[in-house]
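# Residue-level structure breakdown
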Amino acid sequence: AQKITQTQPGMFVQEKEAVTLDCTYDTSDPSYGLFWYKQPSSGEMIFLIYQGSYDQQNATEGRYSLNFQKARKSANLVISASQLGDSAMYFCAMRARGGGNKLTFGTGTQLKVEL
Amino acid sequence: DARVTQTPRDKVTEMGQEVTMRCQPILGHNTVFWYRQTMMQGLELLAYFRNRAPLDDSGMPKDRFSAEMPDATLATLKIQPSEPRDSAVYFCASGSDSQYGYTFGSGTRLTVV
């Protein structure tokens, strides 16, 4: 079984600061992928970044980076230079080959960027 | 940009009525998911298809929900009869073997009164 845990229901960060959103996962499958999605107040789900279990380097996409610590089973999202538009709900998700490649989501972290 | 199209965007219906939600996945995508999002339960996987074949619908209440993919350009989720507890946002997402992330539609906000 796959499980994603996001322990921070809400986070605040000041504009231009960096923020880390925590995500831990559990799977016995050696082949898996980790995702982060952003859901602004408008409701759409926006794919941000992906990390494969065999990737040697941490994934980066613009201001987003994924701090992947395989031994700890954590995949934290780091947003650098926060902007007001980053205020949203952020979901961590996992897909494992043994799980039929379905996407399992965590409960999300509500991020608010303040001036 | 290629998009996953969901219709209707909003639906208000009376308890007991049939509801059909539609999804047009991105052309070329072979995997389609249906998710339901509520405040209490978060994002729940209801069903998903690969190459139009249903792979897993264990998250779906079988007595009232059904999901189909009559062709590669259309996925449907039907609720009959609808109940107030079905009120939620229903998302469709599609993906392919050659890409990492799944693309979500804008969702259908369903309210059953």
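Each remark here, short or long, concerns the structure printed above.
The structure contained in this document is the topic of the report that follows. Here the structure is a predicted model, which means the values were calculated and not measured.

Reading guide: rules and limits
- Residues numbered from 1 in each chain as written.
- Chains lettered and ligands numbered in written order.
- Predicted model: local features only at pLDDT ≥ 70, side-chain atom pairs only at ≥ 80, totals over all residues.
- Heavy atoms only, no water.
- Phe/Tyr/Trp six-rings, centres within 6.5 Å; stacked < 30°, edge-to-face > 60°.
- Helix = DSSP H or I, 4+ residues; strand = E, 2+ residues; numbered from the N terminus.
- Buried < 20%, exposed > 50% of the residue type's maximum accessible area, 1.4 Å probe, protein only.
- Lys NZ or Arg CZ within 6 Å of the ring centre and 35° of its normal.
- Disulfide = S-S within 2.5 Å.
- Pairing = 2+ DSSP bridges.
- Polar contact = N/O pair within 3.5 Å; in protein donor to acceptor, adjacent residues only side chain to side chain.
- Contact = heavy atoms within 4.5 Å.
- Core = buried A, V, L, I, M, F, W, Y, C linked by side-chain atoms within 4.5 Å.
- Salt bridge = Lys/Arg side-chain N within 4 Å of Asp/Glu carboxyl O.

What follows concerns the packing of aromatic side chains. A complete count under the given rule lists 16 aromatic pairs over all chains for this structure. When the centroid spacing of 5.2 Å and the interplanar angle of 75° are considered together, the rings of Tyr37(A) and Phe104(B) count as edge-to-face. Linking Tyr37(A) in strand 5 (residues 32–39) with Phe104(B) in strand 10 (residues 103–104), this pair reaches from one chain into another. Residue class for Phe104(B) comes out buried when judged on its relative accessible area of 8%. Taken together, a centroid distance of 5.9 Å and an interplanar angle of 35° make the contact between Tyr35(B) and Phe104(B) tilted. Here Tyr35(B) is found in strand 4 (residues 31–38), whereas its partner Phe104(B) is found in strand 10, with 69 residues between them in sequence. Each member of the pair, Tyr35(B) as well as Phe104(B), carries the same accessibility label: buried. Taken together, Phe35(A), Tyr37(A), Phe47(A), Tyr50(A), Phe91(A), Phe105(A), Phe33(B), Tyr35(B), Tyr48(B), Phe91(B), Tyr102(B) and Phe104(B) form an aromatic cluster joined through their ring pairs. The side chain of Arg63(A) reaches across the aromatic face of Tyr64(A), ending 5.8 Å from its centre.

Turning our attention to the state of the cysteines. The tally for this structure, following the rule as stated, stands at 2 disulfides over all chains. Each sulfur of the disulfide joining Cys23(A) and Cys92(A) lies 2.0 Å from the other. Taking the torsion about the S-S bond as the criterion, the Cys23(A) to Cys92(A) disulfide, at about -65°, is left-handed. Of this pair, Cys23(A) sits in the loop between strand 3 (19–21) and strand 4 (24–26) while Cys92(A) sits in strand 10 (residues 88–96), and the two are 69 residues apart along the sequence. For Cys23(A), a relative accessible area of 0% translates into the label buried. The residue that forms a disulfide with Cys23(B) is Cys92(B), at a sulfur-sulfur distance of 1.9 Å. Residues Cys23(B) and Cys92(B) are joined by a disulfide whose S-S torsion is about -60°; by sign, that bridge is left-handed.

It is a general feature of regular strands that their side chains alternate between the two faces of the sheet. Relative to strand 6 (residues 53–56) of chain B, strand 5 (residues 42–50) of chain B runs antiparallel, the two sharing 3 bridges. By the bridge assignment, Arg50(B) is partnered in strand 6 of chain B with Ala53(B).

Further remarks concern the side chain of Asp29(A). Residue and element names in this part refer to chain A. Along the chain, Asp 29 falls in the loop between strand 4 and strand 5. Here Asp 29 falls in the buried class, since its relative accessible area comes to 14%. A distance of 3.0 Å separates a polar atom in the side chain of Asp 29 from the backbone nitrogen of Ser 31. Ignoring anything within four residues of it in the chain, the contact list for Asp 29 reads Ala 96, Arg 97, Gly 98 and Gly 99.

All right, on to the nonpolar core then. All names here are of chain A. If you look at the biggest cluster of nonpolar residues, it comprises 25 residues, and the most contacted ones within it are Tyr 25, Leu 34, Trp 36, Ile 49, Leu 77, Tyr 90 and Leu 111. Elements that contribute at least two residues to this core include exactly strand 3, strand 5, strand 6 (46–52), strand 8 (64–69), strand 9 (74–79), strand 10 and strand 12 (109–114). Among the elements that line this core, the one with the most residues is strand 10, at 5 residues. With residues near it in sequence (within four places) discarded, Leu 77 still touches Val 19, Thr 20, Leu 21, Trp 36, Leu 48, Ile 49, Tyr 64, Ser 65 and Tyr 90.

What follows concerns the interface of chain B and chain A. Listed as interface residues are 14 residues of chain B and, on the opposing side, 16 residues of chain A. Our enumeration of links across chain B and chain A arrives at 1 salt bridge. The closest approach of N and O atoms between Lys102(A) and Asp56(B), which form a salt bridge, is 2.9 Å. One can count 5 residue pairs in polar contact (both at pLDDT 80 or more) joining chain B with chain A. For the side of chain B that touches chain A, the elements supplying multiple residues, two or more each, are strand 4 and strand 5 of chain B.

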